[in-house]
Amino acid sequence: MKRYLLYRAALLLPTIFGVLTLVFLLIHLIPGDPVDIMLGETASAADRQELRQVLGLNQPLLVQYRSFIINLLRGDLGQSLYERRSVTSIVRARYPATLELALCAMIAALVISFPLAVCAAVRRGSWTDRTTLTVSLLGLSMPNFWLGPLAMIIFSIQLGWLPVSGRGGPDHLVLPALTLGLGMAAILIRILRTNLLRVMSEDYVQTARAKGLSERSVWLKHALRNALLSLVTIVSLQFGGLLAGSLITETIFSWPGLGRMTVQAIEMRDYPLVQGCVLVISLSYVFLNFVTDIIYKWVDPRISYGN
Amino acid sequence: MPRSLYFFPAGFVFIFFVAACRPTHVDHPPGYLVAAIESYPLQLDPRYSTDANGVRIGNLIYNSLLRADPQSRLQPELAESLRLLDERTYDIELRRDVTFHNGQPLTAADVKFTYESILDPNNRSPKRGNLRPLRAVEQIGPYQLRFHLFAAHSPFIEQLTIGIVPVASAVNPTAPGQVPPGSGPFMLEAAESGEKITLTRNPHYWEESPPLSGVVFRTVPDALVRVLEFKKGNIDLMQNDIEPDMVPWLEKNIGADVGAYPGTTFQYIGINLMHPILKQVKVRRALAYAIDRESLVRHILKGTGTVAAGVLSPLNWAYEDNVEHWPYDPERAKQLLDEAGFPDPDGDGPLPRFRLSFKTTNIDLRQRIAEAIKEQLERVGIELDIRSYEWAAFYSDIKKGSFHLYSLAWVGILDPDILFQLFHSSSVPPAGDNRGRYANPELDRLLEAGRATTNHEVRRQIYARAQRILAEDLPYVPLWWWKNVVVKKSTVQNFIPYPDGEMISLKKARLATTVP
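All figures in this text were calculated on a predicted structure; none of them were measured in a lab.

### Regarding the overall build of chain A
- The helix and strand inventory of chain A stands at 13 helices and 0 strands.
- When the helices and strands of chain A are read in sequence order from the N terminus, they spell out α-α-α-α-α-α-α-α-α-α-α-α-α.
- Principal-axis analysis of the C-alpha atoms gives chain A an extent of 85 × 60 × 30 Å.
- Within the span of chain A, comprising 307 residues, buried residues form 41% of the whole.
- Long-range pairs, those at least 24 residues apart, make up 72% of the contacts in chain A with a sequence separation of at least 6.

### Concerning the overall build of chain B
- The helix and strand tally for chain B stands at 13 helices and 21 strands.
- For 516 residues, the compact-globule estimate of 2.2 N^0.38 gives 24 Å, and the C-alpha radius of gyration of chain B, at 26 Å, lies within 12% of that figure.
- Split into buried and exposed, the 516 residues of chain B put 47% on the buried side.
- Within chain B, residue pairs in contact and separated by at least 24 positions form 67% of the contacts whose partners lie at least 6 positions apart.

### Considerations on the interface of chain B and chain A
- If you look at the interface, chain B gives 58 residues, while chain A gives 64 residues.
- Of all the secondary structure elements, the ones that give two or more residues to the side of chain B that touches chain A are α1 (2-20), β10 (214-219), α4 (223-232) and α10 (391-400) of chain B.
- A total of 10 residues in the side of chain B that touches chain A trace back to one element, the largest contributor, which is α1(B).
- A class-by-class count of the residues in the side of chain B that touches chain A yields 29 nonpolar, 14 polar and 15 charged.

### Digging into the confidence of the model for chain A
- For chain A, per-residue confidence averages 84 on the pLDDT scale, and residues scoring 70 or more make up 97% of the total.
- Across chain A, the secondary-structure element scoring lowest on mean pLDDT is helix α2 (residues 34-39) of chain A, at 78, and the one scoring highest is helix α7 (residues 144-158) of chain A, at 90.

### Topic: the sheet that holds strand β16 (residues 382-389) of chain B
All names here are of chain B.
- Strand order in the open sheet formed by 6 strands is β14-β18-β13-β17-β15-β16, with mixed pairing between adjacent strands. For this open sheet the edge positions go to β14 (305-307) and β16, each flanked by a neighbour on one side alone. For this sheet the average axis-to-axis angle between neighbouring strands, irrespective of direction, equals 30°.
- Examined bridge by bridge, β14 and strand β18 (residues 476-482) share 3 bridges and lie antiparallel to one another.

### Remarks on the sheet that holds strand β6 (residues 134-141) of chain B
Residues and elements named next belong to chain B.
- Pairing is antiparallel across the open sheet formed by 4 strands, whose spatial order is β4-β5-β7-β6. One side of each edge strand has no neighbouring strand; the edge strands of this open sheet are β4 (79-86) and β6. The mean angle between the axes of side-by-side strands here comes to 20°, regardless of whether they run parallel or antiparallel.
- Summarising the sheet, strand β5 (residues 89-94) and strand β7 (residues 144-149) pair through 5 bridges and their orientation is antiparallel. Its bridge partner lying in β7, Asp91 is registered against Arg146.
- Lying over the sheet, helix α3 (residues 108-119) contacts β5, β6 and β7, oriented at roughly 165° with respect to β6.

### A look at the nonpolar core
- In terms of nonpolar packing, the biggest core is built from 143 residues, with Ala105(A), Ala117(A), Cys277(A), Leu33(B) and Val215(B) touching the most fellow members.
- Broken down by element, this core gets its largest block of residues, 20 residues, from helix α5 (residues 87-122) of chain A.
- Setting aside chain neighbours within four positions, we find Val215(B) in contact with Tyr32(B), Leu33(B), Ala35(B), Phe186(B), Leu199(B) and Leu506(B).
- Counting residues in each nonpolar core, the second largest holds 62 residues, with Tyr268(B), Leu287(B), Val297(B) and Tyr438(B) among its members.

### Quick word on the pairing of β10(B)
Residue and element names in this part refer to chain B.
- Counting buried positions along β10 gives 6 out of 6 residues, so the element sits mostly inside the fold.
- Of the two faces of β10, the one holding Gly214, Val216 and Arg218 and the one holding Val215, Phe217 and Thr219 are both buried throughout.
- Taken together, the 6 bridges between strand β1 (residues 32-37) and β10 define a ladder with parallel strand orientation. Bridge assignment links Ala36 to a residue of β10, and that residue is Arg218.
- Strand direction decides the pairing type here: strand β9 (residues 196-201) and β10, joined by 5 bridges, are antiparallel.

### Some details on the environment of Phe186(B)
All names here are of chain B.
- For Phe186, the location among the structural elements is in strand β8 (residues 186-192).
- Of the residues examined, Phe186 has 24 C-beta atoms within 10 Å and is grouped as buried.
- For Phe186 and Glu138, which are 48 residues apart along the polypeptide, the C-alpha to C-alpha distance reads 29 Å.
- The residues touching Phe186, leaving out its near neighbours within four places in the chain, are Leu60, Ile61, Leu199, Thr200, Arg201, Asn202, Pro210, Gly214 and Val215.

### Overview of the packing of α5(A) against helix α8 (residues 171-200) of chain A
Residues and elements named next belong to chain A.
- Between α5 and α8, the shortest axis-to-axis distance is 6 Å and the interhelical angle comes to 35°. When you trace α5 past α8, the crossing you get is right-handed.
- In the contact of α5 with α8, the residues fall into 24 nonpolar, 2 polar and 2 charged.

### With respect to unusual backbone geometry
- The phi angle at Arg437(B) is positive, at roughly 60°, despite the residue not being glycine.
- Tracing the chain through its elements places Arg437(B) in the loop between α11 (418-423) and α12 (441-452).

### Points about the environment of Pro149(A)
- Mapped onto the fold, Pro149(A) is located in helix α7.
- Residues Pro149(A) and Arg225(A) lie 76 residues apart in sequence; the distance between their C-alpha atoms is 38 Å.
- Once residues within four sequence positions are removed from consideration, Pro149(A) is found in contact with Ile252(A) and Leu224(B).

### Focus: the confidence of the model for chain B
- Per-chain confidence: chain B averages 88 in pLDDT, with 93% of residues scoring 70 or above.
- Least confident of the elements in chain B is α1(B), whose mean pLDDT is 56; most confident is α3(B), at 95.

### Some thoughts on the pairing of strand β17 (residues 405-410) of chain B
Residues and elements named next belong to chain B.
- Bridge count for strand β13 (residues 266-271) against β17 is 6 bridges, and the pairing is antiparallel. Looking at the pairing, Ile271 lines up with Leu405 of β17.
- In this sheet, β17 lies alongside strand β15 (residues 354-361) in parallel orientation, the contact comprising 2 bridges. Bridge pairing links Phe358 to Leu405 in β17.

### Some words on helix α1 (residues 2-29) of chain A
- Helix length check: α1(A), at 28 residues, gives a terminal C-alpha distance of 41 Å against a target of 40 Å (1.5 Å per residue), a fit within 8%.
- Within α1(A), only 0 of the 28 residues are buried, which leaves the element largely exposed.

### Examining helix α9 (residues 364-378) of chain B
Residue and element names in this part refer to chain B.
- Relative to the 21 Å expected for 15 residues at 1.5 Å per residue, α9 spans 21 Å between its end C-alpha atoms, a close match to the ideal helical length.
- Of all the residues in α9, the buried ones are Ile369, Ala370, Ile373, Gln376 and Leu377. The buried residues of α9 occupy one face: seen down the axis, they fall within an arc of 125°. α9 presents Asp364 and Glu375 as exposed residues on the side facing more than 90 degrees away from its buried surface.
- In this structure, the buried residues of α9 make contact with α6 (281-290), α7 (293-299), β15, β16 and β17.

Parameters at a glance
- Residues numbered from 1 in each chain as written.
- Chains lettered and ligands numbered in written order.
- Predicted model: local features only at pLDDT ≥ 70, side-chain atom pairs only at ≥ 80, totals over all residues.
- Helix = DSSP H or I, 4+ residues; strand = E, 2+ residues; numbered from the N terminus.
- Buried ≥ 20, exposed ≤ 12 C-beta atoms within 10 Å, placed from the backbone.
- Contact = placed C-beta atoms within 7 Å.
- Rg over C-alpha atoms; globule rule 2.2 N^0.38 Å.
- Nonpolar A, V, L, I, M, F, W, Y, C, P; charged D, E, K, R; others polar.
- pLDDT = per-residue confidence, 0-100.
- Pairing = 2+ DSSP bridges.
- Axes fitted to C-alpha atoms, helices over the stretch in contact; angles between N-to-C directions.
- Core = buried A, V, L, I, M, F, W, Y, C linked by C-beta atoms within 7 Å.
- Left-handed = near helix turned anticlockwise from the far one by under 90°.
- Expected span 1.5 Å × (residues − 1).
- Arc of directions from axis to C-beta.

Shown next as structure tokens:
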């Protein structure tokens, strides 16, 4: 296992490197010049040229790329062009908010989806199953930009139970986490239910029943565990997406996370900040991959990383 | 087992709610006014801030030599007196009773430092270009300064509105929210990245200490959520960034104190004059006749604009009303297009006279305006292809001259010399913002003369003539001047809206404990 993880780590380094190279090229090649945006309308051509020189933007792309990589290896992500602060400190200020929301949304999604999916699978075809599927279809169909304000109007304005937006105590987390979590729960319910039904028709489940095991044991020990494997993959992918920040939910709930900041940095062509955000997002994915591998092993002991 | 599981999610959501449901904590002491802003300021240091919120909040922290009043006239602030030795030399005497928030007195050395810091290319200040006419700042006494210009340049006086920071202020902040101390009515108390900026009253402010204990600027990016926060009572004041559709609703349903005040932000359609069709003045006039601006203002803007005749608004001292106006007249537009050699090929049929592209940003309201203009131009036989882009790509295209028509706004117009930047033939990008490549030797002469004299009356006459030429030639189709929409609780008193959206009057505002 240890050797496998080291091997994966070695493989992931080129992945991160590739992502950063791609983002570097894309952000530099799309139209839009940070110097124009920074200097505004009144600067002369000479001013623009001078600023390009100070920022090193007049250098050939390859030279800029080389200095970006060298600085990165030194642990220097550069300085935001507009905020004039180190990218590390800006990302460090925003990332906890993203992490907090992602974790809560994920927990909410799991806690909601898991029991509902099991219930629906166990009582396949019953009203329980049909209701669960209908609710999950609703969850899938409701976009966050609609669900968020609706939840605000009901729970914050009409009932006055929760704050409308912003980050603060646990009360501020409820609506954004549930808004994000419900959409994900809808997907998870459908996947877990289908997997459970597939597994229940397997021979070993019949064998377990034939042995005289209780229905609870059959479901929990034999069926559920085997159905979990693909769920782990989906959850890790979705969680990875959440760690990159959720633009719509962050905007609606005035949540000071990474997603909105990354989009703003792209709009302003704040090259160092975009690169810093992408680095953090790719590192999050890498970390999640590790965790997923460990969970695979725990869920299915047959999986061997020894070789 | 499954039955109990089924109630688990509901239980979880219930517990989640119950655990979280407690009175929302107020994270600022009483006496603080909460204002909602659409985006978090990128920069508060007056040497570098160019984003609207950065400048507006910065103006509450920093004082400048001069400051525009609610009628957009420059008035002394830190400057006790301003004297022109000649057209290239300004002598300034500073007030002696001003101290920075750290207690240090504000002297001529600080003013000299601030301007030189902007001029230093290594500091990458976006304001450096504005100070191009400035040759040197000379300190001639502890409170006396002399500004030397390279040549007479009357609009330079606008540059005396830059906030002053103390000598040796760091070029870059070393920690989030760390900015040099100012001398303004409020001091920076806290800056929470992406969330809010909290200012606290400067108890030693040289004018008089503000009645408010402080101001919290909360970032609420979504327009609907700003309104919901206001309804909930968490916000005391919002200025602009309000969807026009919501204005009547706010007035009717929340009983908010809503006001729309004349503003200087100018919305226009930019025209590429190198285009074979658009270079004909009759076509441009036909465009102006074909667009029903009254109807756009009434239906899309819900009255939050005033139909414009030119760049300078009636609030500007150089505004000239006696210019050509272009009322909605589609029949006259069709006639002009026929005369220009573009007859409608099939009368009222589907074929257009010609097709043009219309570039705009991807902001929802801008796209709705573009759709309405497209529909109006179709009525006279001009087909528009609307292309919306994110800001940087849009801006890059229009600077390159890669457009037929585009729509954009000019914000913060103070001196009529802006016309030089927009329409002088030497101002083609990257030198200026003559993006449509307009060239008129008579206008060039007028605009050169306008900046070279400091005689107010002469300038007024020059710019009046310039406005008449522009209204006839139409290098822009003027659309409207945006109004400043202020939504506030009735407890907020003494807040005076400024035409450019400045919030400096917060220094005199107060929060009444009972509604008057």
